[in-house]
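Chain residues, written in single-letter form:
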Amino acid sequence: MTSKFSYENEQFIINAVTNHWGMEILGLYAFWNDYQKCGTTKAMITEDTKSDPNLIVVAFSGTQPFDAEQWRTDIDISWYELPDVGKIHGGFMKALGLQRGRGWPKEIDENGPHRYAYYTIRDKLRAVFKENQDAKFILTGHSLGGALAILFVAVLILHEEEWLLDKLEGVYTFGQPRVGDKKFGEFMVEKMRKYDVKHMRYVYSNDLVPRIPYDDKSLFFKHFSPCLYFNSLYHGQILEEEPNKNYFSLFWVIPKILNAVWEVIRGFLLPFVVGREYKQNWFMTIFRLVGLIIPGIPAHIPNDYVNSTRLGYLNEHLEIQRPQHSKDD
């Protein structure tokens, strides 16, 4: 829900988090992108003071449908390469706070005119944990937000922020696109195992976004964490890779359309089966009809990810196993 609410306006977030959840808001941010020369990245930090220990939730916002600058971030699939680490999606790294001409220095002057996502959030977490050393935190995000959440961990690892990594309870991403190449994936698997970082990568049904950029011999992008895959009945299973991993396949055309038809019908049935709070509005109904033409678009919205976590279940014990890539993969 936090990753979903990160899309909303400030007043909506304040009302939902403080009045309905009973949590504290530690920060609502819009961050500077050095390459696009504007603020493109948004995030929120909340704290559950009723949990023991206190839990900090850092949620990165995904792409706003009508934000051209965020779309520029998504389609900038240029490589940013780090020696001995691998190649990473350039647009995502720039949105996270990559410094033009400087890369990723461990410290920057935060008293300057602009705030950068990675550095501001990291420093905020440092300050919170100095006041409450027992507190823990999680990272989350939907779509672009999921990519930024897992790359935030990558830069913490790069800077050897062991104290913060030890306080990280997990990373929960929903509809996250691929963020790097095979070498980067191997680096992350090794380091996440070392620091005991759990990555829960949720994928709903035919969602297009987790299946791009392509995992093929022309683009070379790869996921590196197992997939918590939920179908349109919200039945889940743990897979190394989501089915139909590159989305565009003639073999999957008819199954995807049939599934989109079922999702339209399901939208009318859910309120009667599980409760009126699951009633979808007219916009969602129209958007589902769009799915009859392009099934992967409506499948990406946060609603089905929220429903997957509330209504879904896994048939197996949730024990995340890191995939081991072969030399020929």
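Going by the structure above, here's the rest.
What you see is a predicted model, and the numbers here were worked out from it, not measured in a lab.

This part covers the packing of aromatic side chains. Counting across every chain of the model gives 22 aromatic pairs. Geometrically, the ring pair formed by Phe129 and Phe137 is tilted, given 5.8 Å between the ring centres and 45° between the ring planes. According to the relative accessible area criterion, Phe129 is buried, its value standing at 0%. Taken together, a centroid distance of 5.8 Å and an interplanar angle of 85° make the contact between Phe184 and Phe224 edge-to-face. One end of the pair, Phe184, is in helix α8 (residues 182–194); the other, Phe224, is in the loop between β8 (199–204) and β9 (227–230), with 40 residues separating them in the sequence. Feature note: the residues Phe174, Tyr202, Tyr204, Phe230, Tyr234 and Tyr305 constitute an aromatic cluster, connected by ring pairs. Positioned above the aromatic ring of Tyr35 is the side chain of Lys94, whose terminal nitrogen or guanidinium carbon lies 4.9 Å from the ring centre. Sitting above the plane of the Tyr247 ring, Lys256 keeps its charged end 3.5 Å from the centroid.

Assignment of secondary structure puts Asn206 in the loop between β8 and β9. A relative accessible area of 8% places Asn206 in the buried class. Excluding its chain neighbours within four sequence positions, the residues that come into contact with Asn206 are Arg211, Tyr247, Lys256, Asn259, Gly296 and Ala299.

Of all six residues that make up strand β3 (residues 55–60), five are buried, and the element is covered over most of its length. As judged from the six bridges shared by strand β2 (residues 38–48) and β3, these two strands associate in the antiparallel manner. Residue pairing across strands places Ala43 opposite Phe60, the latter belonging to β3. Where β3 and strand β6 (residues 136–142) come together, six bridges link them in parallel fashion. When the bridges of β6 are listed, Phe60 appears paired with Gly141.

With that out of the way, let us pick up the pattern of salt bridges. By the definition in use, this model includes 17 salt bridges. Put simply, Asp123 and Arg122 hold a salt bridge, and the shortest N to O gap is 3.3 Å. Accessibility expressed as a relative area gives 26% for Asp123, which makes it partly exposed. According to the relative accessible area criterion, Arg122 is buried, its value standing at 0%.

Let's shift gears to empty space enclosed by the protein. This model, assessed by the stated rule, comprises one cavity of 30 Å³ or more. If you add up the space inside the largest cavity, you get close to 30 Å³. Looking at the largest cavity, the residues that line it are Leu82, Val85, Ile88, Met93, Ala154, Val155, Leu158, Phe184 and Phe187. Counting only elements with at least two residues in the lining of the largest cavity, the list comes to α6 (144–158) and α8. With three residues, the top contributor of residues to the lining of the largest cavity is α6. Tallied by class, residues from the lining of the largest cavity come to nine nonpolar, no polar and no charged.

Let us now look at the nonpolar core. Phe60, Leu96, Leu139, Val153 and Met188 are the most contacted members of the largest nonpolar core, which totals 56 residues. With 12 residues, α6 is the single largest residue contributor to this core. Leave out the neighbours within four places in its chain, and Val153 touches Leu139, Leu165, Leu168, Val171, Met188 and Val197.

This part takes up the environment of Ile75. One can find Ile75 in helix α3 (residues 68–75). Along the sequence, Ile75 and Gly91 sit 16 residues apart, while their C-alpha atoms lie 7.2 Å from each other.

On to the sheet that holds strand β7 (residues 168–174), then. The strand order across the open sheet formed by nine strands is β1-β2-β3-β6-β7-β8-β9-β10-β11, and the pairing between neighbours is mixed. Of all the strands in the sheet, the pair left with one neighbour each is β1 (24–33) and β11 (313–314).

Of all the positions in helix α10 (residues 282–290), only Met284, Thr285 and Arg288 are classed as buried. Viewed end-on, α10 has its buried residues packed into an arc of 105°, placing them on one side of the element. The residue sitting at the N-terminus of α10 and contributing the capping side-chain oxygen is Asn281; that oxygen lies 3.2 Å from the backbone nitrogen of Phe283.

Conventions and cut-offs
Residues numbered from 1 in each chain as written. Predicted model: local features only at pLDDT ≥ 70, side-chain atom pairs only at ≥ 80, totals over all residues. Heavy atoms only, no water. Phe/Tyr/Trp six-rings, centres within 6.5 Å; stacked < 30°, edge-to-face > 60°. Buried < 20%, exposed > 50% of the residue type's maximum accessible area, 1.4 Å probe, protein only. Helix = DSSP H or I, 4+ residues; strand = E, 2+ residues; numbered from the N terminus. Lys NZ or Arg CZ within 6 Å of the ring centre and 35° of its normal. Contact = heavy atoms within 4.5 Å. Pairing = 2+ DSSP bridges. Salt bridge = Lys/Arg side-chain N within 4 Å of Asp/Glu carboxyl O. 1 Å grid on protein atoms, 1.4 Å probe; cavity = no way out; pocket = protein on both sides within 12 Å on 5 of 7 lines; lining within 4 Å. Points joined across faces, edges and corners; volume = space filled by probe spheres on them. Nonpolar A, V, L, I, M, F, W, Y, C, P; charged D, E, K, R; others polar. Core = buried A, V, L, I, M, F, W, Y, C linked by side-chain atoms within 4.5 Å. Arc of directions from axis to C-beta. Polar contact = N/O pair within 3.5 Å; in protein donor to acceptor, adjacent residues only side chain to side chain.

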